[in-house]
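For reference, the chains in residue letters:
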Amino acid sequence: MRTLRQIRTSFGILFTARRNRLDLVKALARRPQLAVGTIAFELGVATSAKVDLRVKVLAELKAASIISCEYCLDIGSALARHEGLTERQLRDLPAHGRSDAFDDEERTVLDLAEALTRVPAVVDADLRARIDRHFTPAQQTELLSVIAWENKRARLNQGLGVRPSGFSDGEFCVLPDAATGSEAVV
C-alpha cells in the first residue's frame, strides 16, 4: 500500500507541471532502449519501500542541490512538501550540519548524499558507522541506490538542458546559486 502511494504521489506531481513537462520524455524518446531502462529503474526505486519516502526525497534533494539540477529541485521540492518536509528544512539544506531542523538520522542521510555526490565520492568510517546505526543492510542498499540514481538523473538533466517545469510554482523551491555554482535556496 505504501509503495502504491509513493508511485501515485510521484506520478501525480509529475503530471501537474505546466511548463517544459515533456522535455525529458522527448529527450529519452530519441533512444528508446535508454527510455525503457530509465523507466524500469524508476519503477524499481519507486516500488522499493524499505526506506521512508520522506527520507529518500531528502537524500535526492541534497544530491540535486549539489549538482544544481533545477528540474530535480523543482520536482523534488514539490515531493518534499508533500512528504511533510518543512520550508525551514528546505531552506537549511545547504547548511544541514549546523541546523537543528534535522534529526540525527536525517543529518546522516544528508551527509551520505553529500559524500556520494561530491567528487571523489568517499564514505569514511565515521559516516559508515552512522549509516549502520540507522539503517539495515536492505535499507542501506535502497538509500544508496536512490542517491546514486539521483546523481544519474541530475547529471543527465543538466547535460540535456532540461529546465524546471513548474512543479513548485507559487511555493518555496530549493534552487542552485547560479552565480557561485554552490547549492543555495531561494
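To start, this report covers the structure provided alongside it. Note that the structure is predicted; figures quoted are calculated from it, not measured. (Residues numbered from 1 in each chain as written. Predicted model: local features only at pLDDT ≥ 70, side-chain atom pairs only at ≥ 80, totals over all residues. Heavy atoms only, no water.)

1. Digging into the overall build of the protein chain
If you tally the helices and strands in the protein chain, you get 9 helices and 2 strands. Ordered by position from N to C terminus, the α and β elements of the protein chain give α-α-α-α-α-α-α-α-α-β-β. Considering the protein chain as a whole, with its 186 residues, one finds that 46% of them fall into the buried category. Restricting the contact set of the protein chain to residue pairs at least 6 apart, pairs at least 24 apart contribute 74%. A total accessible area of about 9300 Å² is found for the protein chain, and carbon and sulfur atoms account for 58% of it. (Helix = DSSP H or I, 4+ residues; strand = E, 2+ residues; numbered from the N terminus. Buried < 20%, exposed > 50% of the residue type's maximum accessible area, 1.4 Å probe, protein only. Contact = heavy atoms within 4.5 Å. Areas by Shrake-Rupley, 256 points an atom, 1.4 Å probe, with all protein chains shown as cover.)

2. Considerations on unusual backbone geometry
With an omega of -5°, the peptide bond between Val119 and Pro120 qualifies as cis. Secondary-structure assignment places Pro120 in the loop between helix H7 (104-117) and helix H8 (125-134).

3. What to know about H8
Of the residues making up H8, those classed as buried are Leu127, Arg130 and Ile131. One face of H8 carries all of its buried residues, which in axial projection span an arc of 100°. Pointing more than 90 degrees away from the buried face of H8 are the exposed residues Ala125 and Arg133. Here H8 starts with a cap whose side-chain oxygen sits 3.2 Å from the backbone nitrogen of Asp126, and that cap is Asp124. (Arc of directions from axis to C-beta. Polar contact = N/O pair within 3.5 Å; in protein donor to acceptor, adjacent residues only side chain to side chain.)

4. What to know about the side chain of Glu60
With respect to the helices, strands and loops of the structure, Glu60 is situated in helix H4 (residues 53-67). Beyond its immediate stretch of four places on either side in the chain, Glu60 contacts Val146, Glu150 and Arg153.

Any link to function would need more than the numbers given here.
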